[in-house]
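Residues per chain, in single letters:
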Amino acid sequence: MRRRRLLLAAGGLAALPRAAFAADPDVVIIGAGVAGLTAARTLMAAGKSVQVIEARDRIGGRTFTDAKTFGLPFDHGAQWIEAANKNPAMAIVKEAQARTIPERDEQLLYLGGTVLPKDEYARFEKIAQEASRKLEEALKRAPPQFGDAVVGRVLVPADQLQTLAYSMVGPLEQGVENMELSARDFLRQPEADPQLSIEGGLGTMIARWGAKVPVRLGVRAVRIDSTGATITIETTAGQMRGRAVIVTVPTGVLATGLLGFAPQLNAARREAIEQLPMATYNKVMLQFSSKVIDAPAGRSIVGLTRKGAPFEAIVRPMGRDAALILVGGATARALEEEGGRAAVAFAVSALAEIFGNELRGVLGASHATRWGKDPFARGSWSVARPGHADKRKVLALPHHDRVFFAGEATDPVWATRVAGAYASGVRAAREALAALGAPRR
Ligand SMILES: Cc1cc2nc3c(=O)[nH]c(=O)nc-3n(C[C@H](O)[C@H](O)[C@H](O)COP(=O)(O)OP(=O)(O)OC[C@H]3O[C@@H](n4cnc5c(N)ncnc54)[C@H](O)[C@@H]3O)c2cc1C
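Residues numbered from 1 in each chain as written. Predicted model: local features only at pLDDT ≥ 70, side-chain atom pairs only at ≥ 80, totals over all residues. Heavy atoms only, no water.

**What to know about the overall build of the protein chain**
Helix and strand counts for the protein chain stand at 16 helices and 21 strands. A principal-axis box enclosing the C-alpha atoms of the protein chain has dimensions of 70 × 50 × 40 Å. Pairs at least 24 apart in sequence give 74% of the contacts found in the protein chain among residues at least 6 apart. When the accessible surface of the protein chain is totalled, it reaches about 18900 Å², and 53% of it is carbon and sulfur. Here the protein chain contributes 57 positive and 44 negative side-chain charges, whose respective centroids are spaced 6 Å apart. (Helix = DSSP H or I, 4+ residues; strand = E, 2+ residues; numbered from the N terminus. Contact = heavy atoms within 4.5 Å. Areas by Shrake-Rupley, 256 points an atom, 1.4 Å probe, with all protein chains shown as cover. Lys, Arg positive; Asp, Glu negative; His and termini not counted. Charge placed at Lys NZ, Arg CZ, Asp CG, Glu CD.)

See the structure below:
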């Protein structure tokens, strides 16, 4: 169905007036998330002129910090720089001179509101370690034509503790259920530790770091035509031209077909877009008017609610009377569908099972993200369907003449993360530089 919509959208558009963009830049970049901003900065450093167009009224894409509502920074999207000792996006942290806060790795585990007895933690550790080993073995045994394994077929929980451990592979880590998760796509990802958060919020850092990039906000690209001598980009603010284009929009947006291409995207890329759908992972921030949570600052919790839904929580972040609840996969999708205050109600109830019902009476401000319903993201990050981890490389290939693809989904190692967006932005900028230097085909 997605593919049909893509074909329809590639059809003609009525001619739009020429937009009031300063001059025809060397490179037009679609999207001012980490990938687009990185590509722009790389090209600018090489002396090229760029123009970024961004559908939202802000830069940063899936990184955004609300620094006002809760009296502490609330990152709606990316929050942590994972695998910090080798994460390419540490380059941003250094350039922005941002201060980092190391994440404590100890977590308390809860089943149905009850903390796991101390002697069960060793068993939990063992389950987690064995899960990785089982997945690696399943990959080795995979039939060559498939070359992959479905995580949910390998990790079949026999009890609640295993259910909790396995939910930290799919729903709470990748934002999809294990039956939707490719073992190959999961195992390619570097281990998250060491993990850092950014003082003032990761979104704040990106907004500051990207501030000097020329971005037209509130302008949506609707069609990229690379059939002529220069590339024409139809936008909601008129038409513009460039010698090369870098497309950084998420696969969820590409799948809608609302961004058309001439010539149309080839079958292999359309297949890649379809096989790299968006996961759903959301955050709920709750503020309380008094200290109802009896826990040290920044305590991290992972648990299953009494109804068996997995969740993660950071309670009393920065010592405040607040809590951040994280949900992914089917739980996150269902809460988005329910709409209204469903996600807040879920978060309050999950915490009340642990800390008591008093917290219901002192609930102050709250906010739940809805990345799946966000028209310019359509989910949290890309996940490969089982058997399709290699599609990231297909998505990263140039399209036609001088149209390049970046964005987290295109990175073979760091996809899903800020690191993937950054690495892909550098790669696409280099491709564009090479093309600008090369004689036109
Ligand atoms: C809840 C959540 C938590 C996360 N946590 C982490 C984390 O802790 N660590 C981590 O490393 N990663 C995390 N991520 C993932 C990380 O945020 C993304 O991988 C990364 O920000 C993606 O950057 P990008 O540039 O590829 O895409 P985006 O940030 O999505 O940028 C693409 C831009 O294109 C714009 N756009 C879309 N369509 C159009 C159009 N037609 N015309 C013009 N502009 C358009 C969008 O508005 C957007 O600004 C998280 C994501 C979410 C949602």
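**A short note on the site of the ligand**
Near the ligand there are 37 residues, and of these Ala35, Glu54, Arg62, Trp80 and Glu408 occur at the shortest range. Contact between the ligand and Val34: an oxygen atom at 3.2 Å from a main-chain N or O atom of the residue. Look at the ligand: alone it shows 1000 Å² of surface, and the protein chains cover 98% of it. Breaking the shell around the ligand down by element, the ones donating at least two residues are α2 (34-45), β2 (50-54) and α16 (418-437). (Near = heavy atom within 4 Å. Polar contact = N/O pair within 3.5 Å; in protein donor to acceptor, adjacent residues only side chain to side chain.)

**Considering the pattern of salt bridges**
Applying the stated rule across the entire model yields 16 salt bridges. Put simply, Arg99 and Glu199 hold a salt bridge, and the shortest N to O gap is 3.8 Å. Linking Arg99 in the loop between α3 (90-95) and β6 (100-102) with Glu199 in the loop between β9 (196-198) and α9 (202-209), this pair joins segments that are 100 residues apart in sequence. Accessibility expressed as a relative area gives 58% for Arg99, which makes it exposed. (Salt bridge = Lys/Arg side-chain N within 4 Å of Asp/Glu carboxyl O. Buried < 20%, exposed > 50% of the residue type's maximum accessible area, 1.4 Å probe, protein only.)

**Quick word on the domain arrangement of the protein chain**
We note that the domain assignment places domain 1 (2-60 + 210-277 + 377-437) and domain 2 (122-187) within the protein chain. Domain 1 puts eleven residues into the contact, and the matching count from domain 2 is 13 residues. Taken over both partners, the interface formed by domain 1 and domain 2 buries close to 790 Å², and the fraction arising from carbon and sulfur atoms is 57%. Considering only the side of domain 1, the residues that lose the most area to domain 2 are Val383, Pro386 and Ala389, jointly responsible for 53% of the buried surface there. Counting across the interface, domain 1 meets domain 2 through one salt bridge. With a closest N to O distance of 2.9 Å, Arg392 and Asp185 form a salt bridge. The interface formed by domain 1 and domain 2 holds four residue pairs in polar contact (both at pLDDT 80 or more) in total. (Domains from an automatic or database assignment. Buried area = accessible area lost by both parts, 1.4 Å probe.)

**Describing helix α6 (residues 160-167)**
Taking burial as the measure, the eight residues of α6 include six buried ones, the bulk of the element. Regarding α6, the residues found buried are Leu161, Gln162, Leu164, Ala165, Tyr166 and Ser167. Those residues of α6 that are buried lie in contact with β7 (107-111), α4 (121-140), α7 (171-174), β17 (299-304) and β18 (310-315).

**As for the side chain of Glu54**
Its place among the elements puts Glu54 in strand β2. Ignoring anything within four residues of it in the chain, the contact list for Glu54 reads Gly31, Ala32, Gly33, Val215, Arg216, Leu217, Gly218 and Val219.

**As for the packing of aromatic side chains**
All chains considered together, the criterion is met by three aromatic pairs. Between Phe70 and Phe74, the ring centres sit 5.7 Å apart and the planes meet at 85°, which makes this aromatic pair edge-to-face. What makes Phe74 buried here is its relative accessible area of 1%. If you follow Arg269 out to its NZ or CZ, it ends over the ring of Phe405, 4.2 Å from the centre. (Phe/Tyr/Trp six-rings, centres within 6.5 Å; stacked < 30°, edge-to-face > 60°. Lys NZ or Arg CZ within 6 Å of the ring centre and 35° of its normal.)

**Regarding the packing of α4 against α6**
Running from N to C, α4 and α6 cross one another at 55°; their axes reach a closest spacing of 10 Å. Relative to α6, the element α4 is oriented oblique. Pair α4 / α6 crosses with right-handed handedness. In this structure, α4 uses Arg123, Phe124, Ile127, Ala131 and Lys134 to contact α6, whose residues at the interface are Leu161, Gln162, Leu164, Ala165 and Tyr166. For the contact of α4 with α6, the residue count by class is seven nonpolar, one polar and two charged. (Axes fitted to C-alpha atoms, helices over the stretch in contact; angles between N-to-C directions. Parallel < 35°, antiparallel > 145°, perpendicular 65-115°, else oblique. Left-handed = near helix turned anticlockwise from the far one by under 90°. Nonpolar A, V, L, I, M, F, W, Y, C, P; charged D, E, K, R; others polar.)

**Digging into the sheet that holds strand β1 (residues 27-30)**
Read across the open sheet, the five strands follow the order β10-β2-β1-β14-β21; overall the sheet is parallel. The open sheet has two edge strands with one neighbour each: β10 (215-217) and β21 (403-405). For this sheet, the mean angle separating the axes of adjacent strands, direction not counted, is 20°. Of the strand pairs in this sheet, strand β14 (residues 244-247) and β21 are connected by three bridges, and their pairing is parallel. (Pairing = 2+ DSSP bridges.)

**Structural notes on the sheet that holds β6**
Ordered by their spatial adjacency, three strands build an open sheet running β5-β9-β6, and the pairing between neighbours is antiparallel. Each edge of the open sheet carries a strand with a single partner, namely β5 (80-81) and β6. Two strands pair when backbone bridges link them, and β6 and β9 are joined in this way by three bridges, in the antiparallel orientation. Its bridge partner being in β9, Ile101 is matched across the sheet by Ser197.

**Things to note about the nonpolar core**
If you look at the biggest cluster of nonpolar residues, it comprises 41 residues, and the most contacted ones within it are Val27, Ile29, Met205 and Ile246. For this core, the secondary-structure elements that each account for two or more residues are β1, α2, β2, α3, β9, α9, β14 and α16. It is α16 that provides the largest number of residues to this core, a total of nine residues. Ignoring sequence-local partners within four residues, the contact set of Met205 consists of Ile92, Val93, Ala96, Ala98 and Ile198. Counting 36 residues, the second largest nonpolar core, distinct from the first, contains Ala149, Tyr166, Tyr281 and Trp381. (Core = buried A, V, L, I, M, F, W, Y, C linked by side-chain atoms within 4.5 Å.)

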